[in-house]
Amino acid sequence: METGYRKIKLYFMIGLPGEGDDDVLGIADTCRSLQERCRDLGRLELNLTISNFTPKPHTPFQWHSVSTAEFQRRQELLRRALRQLRGIKVNFTDVRLSAVEDFVGRSDRRLAPVLEAAWRAGAGLDAWFESAERTYAAWTGAIEAAGLGGRYRQLEMGGWGSAEALSAGDLAAFCRQPLPWDHIDSGVDKLWLAEDLQRALAATVVEDCSFAGCSSCGVCGPELGHNVVIPAPPPPPPIPPRSPASERVSRLRFGFAKTGSLALISHLDTVRLLERALRRSGLPVSFTGGFHPLPRLQLALSLPLGVVGLGEWFDLEFTAPLERLDLEAVRRQLQAQLPAEFPLLSVASVPVFGPSLSQELQKAHWHFDLQPLPLDSPPTTVDRAPALDWDGALADLLAAETLIWSDTDKKGRPRQRDCRPYLLRLGRLRPAGDLDPDGSLEQPIRLALEATIDLQGRSLRPEQLQHWLAERLAVPLRLGRVERRSLELRPC
Ligand code: SF4
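None of the values given here were measured: they were computed from a predicted structure. (Residues numbered from 1 in each chain as written. Predicted model: local features only at pLDDT ≥ 70, side-chain atom pairs only at ≥ 80, totals over all residues. Heavy atoms only, no water.)

Which residues make up the overall build of the protein, and what values do they have?
Helix and strand content of the protein: 14 helices and 13 strands. Each principal axis of the C-alpha distribution contributes one length, and for the protein these read about 95 × 70 × 55 Å. By sequence separation, contacts in the protein at least 24 residues apart represent 75% of the contacts at least 6 residues apart. For the protein, the accessible surface area stands at approximately 28400 Å², while carbon and sulfur atoms represent 55% of it. (Helix = DSSP H or I, 4+ residues; strand = E, 2+ residues; numbered from the N terminus. Contact = heavy atoms within 4.5 Å. Areas by Shrake-Rupley, 256 points an atom, 1.4 Å probe, with all protein chains shown as cover.)

Structure representation (structure tokens):
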């Protein structure tokens, strides 16, 4: 809380053998106690995940079976206790999925057709399924189809409650029953697992044999060798946190391109890609100070996702006078850490305390394709679609006194602004003769746009031209290949 953390995540598990209602309610007590301890610093918010214990073969709880009815009762018990606390979000694992997990985890060879049928019904990576209903339907359908529905439904009550109440002798006999995975030798004796189960139910602590005595689980022997008990190493001395160097001694401006598949990574991922490359390059990059230091890196005007950039810029500050070095060698050193589709085209030294890169941007040059889409109701009186008057639409756009763009601000409030001042040039790259003689609606057109960039980084984007031209041509247009050819900087 003192360092700004207001919310923490906590993970708990319920349904372990030997667990009582007090243990379940203890989760709510732990949360209450945590919040009370932090009360003088503000309200601590908690995100809880409550998962259900599902036993696994070759472990002391392999004889246990989940009980969905019992899970539901314990979840409800905890839900009621947590309702009395504020600032708590809780996520309970679906008990039906825990039952499926138990069924799959401790089944026998009859499981094979179930696995295949469930996979064919779309199951797989179920923890990440968007819909628990879909997962559940896939598995239960497969279980029923294999004729194992009755066995699956036994999990509603589970088989543990009665076994937990057995005497030590009866429990030992219960544990001698054959299990489907007995023929697999994991190295641990089944008898030791049964004894360990009794120790667990009696809450007896078994020492970790890496550091203390051997409890003869059966793993060590002539085949595997023997465990060597070693004293725990002392904890390493704490390393005091060291802030990265933040002196601002020199600034270099790199020209670069973002091509090929890299056009499909976002602006944020481009920044991350550069940060990692810088770390690997070993260049003396200058970092911002504060709690979360970042390299002093500035990219000019973010490139929209999917757009190729052929003349982009970024500025990078260093803690050493790199401008006195061979700048081409610096460029090669950084290029060696970047993908081929991210070529560094140029490097130059700029004054470290001069205007920022964004203040020096002047114009953006774009090339983009627009393709007319078929109308919902194609013309019926003529066989052919009418020729589109691209030249007229472009001339009309350039002659417009205002070009109003409507969108919403960051808070979702509608806003309008006139973008006409940004439009410098707009023209067709292909001559008119390239179009089909009949002005076919399928024919794409390639346009060149030149737009100013103001000091706030506002400019024009191809999708705005797409919108205004579609209005003038009265047909929907699809935006095709888009390239930002260059970002022009103000002359020095
Ligand atoms: S030392 Fe070997 S046999 Fe003994 S408890 Fe550890 S793993 Fe098992």
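On we go from here.
Please set out the sheet that holds strand β1 (residues 7-14) residue by residue, giving values where relevant.
Across the sheet, three strands lie side by side as β1-β2-β3; this open sheet has parallel pairing. The strands lining the two open edges of the sheet, one partner per strand, are β1 and β3 (88-92). Taken over all neighbouring pairs, the strand axes of this sheet differ in orientation by 20° on average, direction set aside. The pairing of β1 with strand β2 (residues 45-52) spans eight bridges and is parallel. By the bridge assignment for β2, I14 is matched with N52. Strands β1, β2 and β3 of the sheet are contacted by helix α2 (residues 68-82), whose axis makes an angle of about 175° with β3. (Pairing = 2+ DSSP bridges. Axes fitted to C-alpha atoms, helices over the stretch in contact; angles between N-to-C directions.)

Describe unusual backbone geometry, with residues and values.
At L301, a residue that is not glycine, the phi angle is positive and equals roughly 30°. Its location among the elements puts L301 in the loop between β5 (297-299) and β6 (308-318). Of note, the phi angle at A474 is positive, near 60°, even though the residue is not glycine. With respect to the helices and strands, the residue A474 is situated in the loop between α14 (462-473) and β13 (477-489).

Lay out the pattern of salt bridges with the relevant residues and their values.
By the definition in use, this model includes 37 salt bridges. Residue R83 is joined to E76 by a salt bridge in which the shortest nitrogen-to-oxygen separation is 3.7 Å. The salt bridge partner of E328 is R332, with a shortest N-O separation of 3.8 Å. Highlighted residues: E328 and R332, both in helix α11 (residues 327-335), separated by four residues, approximately one helical turn. On the basis of relative accessibility, which here comes to 33%, the residue E328 falls in the partly exposed class. Judged by relative accessible area, which is 45%, R332 ranks as partly exposed. In this structure, a network of salt bridges that share partners links the residues E19, D21, E70, R73 and R74. (Salt bridge = Lys/Arg side-chain N within 4 Å of Asp/Glu carboxyl O. Buried < 20%, exposed > 50% of the residue type's maximum accessible area, 1.4 Å probe, protein only.)

Report on the packing of aromatic side chains, specifying residues and quantitative values.
Taken as a whole and assessed by the stated rule, the structure comprises six aromatic pairs. Each residue in the set F254, F256, F314 and F342 is aromatic and connected to the rest through ring pairs, giving one cluster. For the cation-ring pair, R96 lies above Y136, with the distance from its terminal atom to the ring centre recorded as 4.5 Å. (Phe/Tyr/Trp six-rings, centres within 6.5 Å; stacked < 30°, edge-to-face > 60°. Lys NZ or Arg CZ within 6 Å of the ring centre and 35° of its normal.)

Could you give an account of the nonpolar core, naming the residues involved and the relevant values?
Ranked by internal contacts, the top residues of the largest apolar core, which has 36 residues, are F368, L426, L460 and L469. Both domains that meet at this core, namely domain 2 (250-354) and domain 3 (362-483), each give it at least three residues. In contact with F368, other than residues within four places in its own chain, are L426, I445, R446, L447, L449, P462, L465, L479, R481 and V482. With 24 residues, the next largest nonpolar core counts F254, L278, L283 and L297 among its residues. (Core = buried A, V, L, I, M, F, W, Y, C linked by side-chain atoms within 4.5 Å. Domains from an automatic or database assignment.)

Summarise the site of the ligand; cite the residues concerned and give the values.
Around the ligand, the surrounding shell consists of C209, C214, S215, S216, C217, G218, V219, C220 and N227. Partitioning the shell around the ligand into residue classes produces five nonpolar, four polar and no charged. (Near = heavy atom within 4 Å. Nonpolar A, V, L, I, M, F, W, Y, C, P; charged D, E, K, R; others polar.)

I'd love a proper account of the packing of helix α3 (residues 95-105) against helix α5 (residues 132-145), names of residues and values included.
In helix packing, the relevant descriptors are the interaxial angle and the interaxial distance, both defined with respect to the helix axes. Viewed as axis vectors pointing N to C, α3 and α5 meet at an angle of 40°, and their least axial separation amounts to 10 Å. The two elements α3 and α5 meet at a crossing, and its hand is left-handed. Between α3 and α5, the residues in contact are R96, L97, V100, F103 and V104 and A132, E133, T135, Y136, W139 and I143, respectively. Its residues placed into classes, the contact of α3 with α5 shows eight nonpolar, one polar and two charged. (Left-handed = near helix turned anticlockwise from the far one by under 90°.)

Please provide a residue-by-residue account of helix α9 (residues 190-201), values included.
The terminal C-alpha atoms of α9, which comprises 12 residues, lie 17 Å apart, in line with the 16 Å expected from a rise of 1.5 Å per residue. By the burial criterion, the buried members of α9 are W192, L193, A194, D196 and L197. A203, located one to two residues past α9, shows a positive phi value of around 55°. (Expected span 1.5 Å × (residues − 1).)

Please set out the environment of E116 residue by residue, giving values where relevant.
Looking at the element boundaries, E116 is found in helix α4 (residues 111-120). The spacing of E116 and E312 is 196 residues in sequence and 51 Å in space, taken between C-alpha atoms.

How would you sum up the domain arrangement of the protein? Please name residues and give values.
The accessible area lost on association of the parts is a frequent measure of interface size. According to the domain assignment, the protein contains domain 1 (7-165), domain 2 (250-354) and domain 3 (362-483). Centre-to-centre, using C-alpha coordinates, domain 1 lies 48 Å away from domain 2.

Please give an account of the pairing of strand β4 (residues 250-258) that cites residues and values.
Side-chain positions along a regular strand alternate between the two faces of the sheet. A large share of β4 lies buried, amounting to nine of its nine residues. Here β4 shows a buried face lined by S250, L252, F254, F256 and K258 and a second buried face lined by R251, R253, G255 and A257. Both β4 and β6 contribute to a ladder of eight bridges, which runs antiparallel. Looking at β6, one finds that R251 is bridged to E317. The pairing of β4 with strand β7 (residues 344-350) spans six bridges and is classified as antiparallel.

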